[in-house]
Amino acid sequence: PKSEQFIFSDQMYELLGRDPDLGPPSLAEGLTYFHPDDAAEVRRHFTRTLETGEGWGHDARVILPGGKVAWHRGTGMAEKDASGTVVRIYGTTQDITERKGIEEIWPRVEQIIQGAALMASVEEKTTLSSGSWELLVNRPGAETLQKNLELLGEIKYTADEIDFGKKIQAAT
């Protein structure tokens, strides 16, 4: 018999801002945590897994108590019995709100990096490693890059870039 019962870890209650004394939500209630524009896609992933046993991975916005919006990355897979029937779905959820914020400003950051590297006549390469963006320059060019950045003077940032920087500082 299908119970449609969730089992939550302490971290899952924390991610959703849900009081553990309430217990885990029902499937219908659980879907109400998702942003209205994302809830249908989340339901499709879950339904497909129930029907086919295929795993999933997706990013979706959740609405936290107080109205704050956070981005969560959900991954999951199905457990089947000997006849191939899905008997359990299990998975993980991560808060990826900071990563999404970086992705939003990344085109501007990349322009700044490319411009600075061009002025310093060095090769530049940007990459995402372990969730952090890094600038990789060759060592001889790094000194020239630093001098050119000093000559440029103050770099002007948009209000969104400043707010995001403050959030990063507060989180670290």
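Residues numbered from 1 in each chain as written. Predicted model: local features only at pLDDT ≥ 70, side-chain atom pairs only at ≥ 80, totals over all residues. Heavy atoms only, no water.

**Student:** Mind showing me how you'd approach the overall build of the protein chain here?
**Tutor:** A tally of regular secondary structure across the protein chain gives six helices and five strands. Across the 172 residues that make up the protein chain, the buried fraction comes to 27%. For the protein chain, the accessible surface area stands at approximately 11900 Å², while carbon and sulfur atoms represent 52% of it. (Helix = DSSP H or I, 4+ residues; strand = E, 2+ residues; numbered from the N terminus. Buried < 20%, exposed > 50% of the residue type's maximum accessible area, 1.4 Å probe, protein only. Areas by Shrake-Rupley, 256 points an atom, 1.4 Å probe, with all protein chains shown as cover.)

**Student:** How do you make sense of the side chain of His45 when you look at a structure like this?
**Tutor:** Mapped onto the elements, His45 comes out in helix α3 (residues 36–52). Assessed through its relative accessible area of 12%, His45 is described here as buried. Once you skip the residues sitting within four places of it in the chain, His45 turns out to touch Trp56, Gly57 and His58. (Contact = heavy atoms within 4.5 Å.)

**Student:** Is there a simple way to explain the sheet that holds strand β3 (residues 86–95) in this structure?
**Tutor:** The pairing of strands in a sheet comes from backbone hydrogen bonds and takes either a parallel or an antiparallel form. Here three strands make up an open sheet; going across it, the order is β1-β2-β3 and the pairing antiparallel. Of all the strands in the sheet, the pair left with one neighbour each is β1 (56–63) and β3. Averaged over all pairs of adjacent strands, the angle between strand axes in this sheet comes to 30°, irrespective of strand direction. Taken strand by strand, α3 contacts β1, β2 (69–80) and β3, and its axis lies near 145° from that of β1. (Pairing = 2+ DSSP bridges. Axes fitted to C-alpha atoms, helices over the stretch in contact; angles between N-to-C directions.)

**Student:** Sorry if this is basic, but what is going on with the packing of aromatic side chains here?
**Tutor:** Here a ring pair, both rings aromatic, is described through the centre-centre distance and the interplanar angle of the planes. Under the counting rule described, the total for this entry stands at four aromatic pairs. Their ring planes at 55° and their centres at 6.0 Å tell us that Phe6 and Phe8 sit as a pair that is tilted. Among the residues examined, Phe6 registers a relative accessible area of 25% and is labelled partly exposed. Given the relative accessible area of 16%, Phe8 is considered buried. A ring pair is formed by Phe6 and Phe46, whose centres lie 6.4 Å apart and whose planes are at 45°; its orientation type is tilted. Pair noted here: Phe6 is in the segment before α1 (10–16) and Phe46 is in helix α3, with a separation of 40 residues, a long-range link. (Phe/Tyr/Trp six-rings, centres within 6.5 Å; stacked < 30°, edge-to-face > 60°.)

**Student:** Can you walk me through the pattern of salt bridges in this structure?
**Tutor:** Side-chain pairing between opposite charges can occur once the charged atoms of the two side chains come close. Here the structure, examined in full by the defined rule, presents nine salt bridges. A salt bridge links Glu29 to Arg18, with the nearest nitrogen and oxygen atoms 2.8 Å apart. Of this pair, Glu29 sits in helix α2 (residues 27–31) while Arg18 is found in the loop between α1 and α2, placing the two residues eleven residues apart along the sequence. We classify Glu29 as partly exposed; its relative accessible area is 33%. (Salt bridge = Lys/Arg side-chain N within 4 Å of Asp/Glu carboxyl O.)

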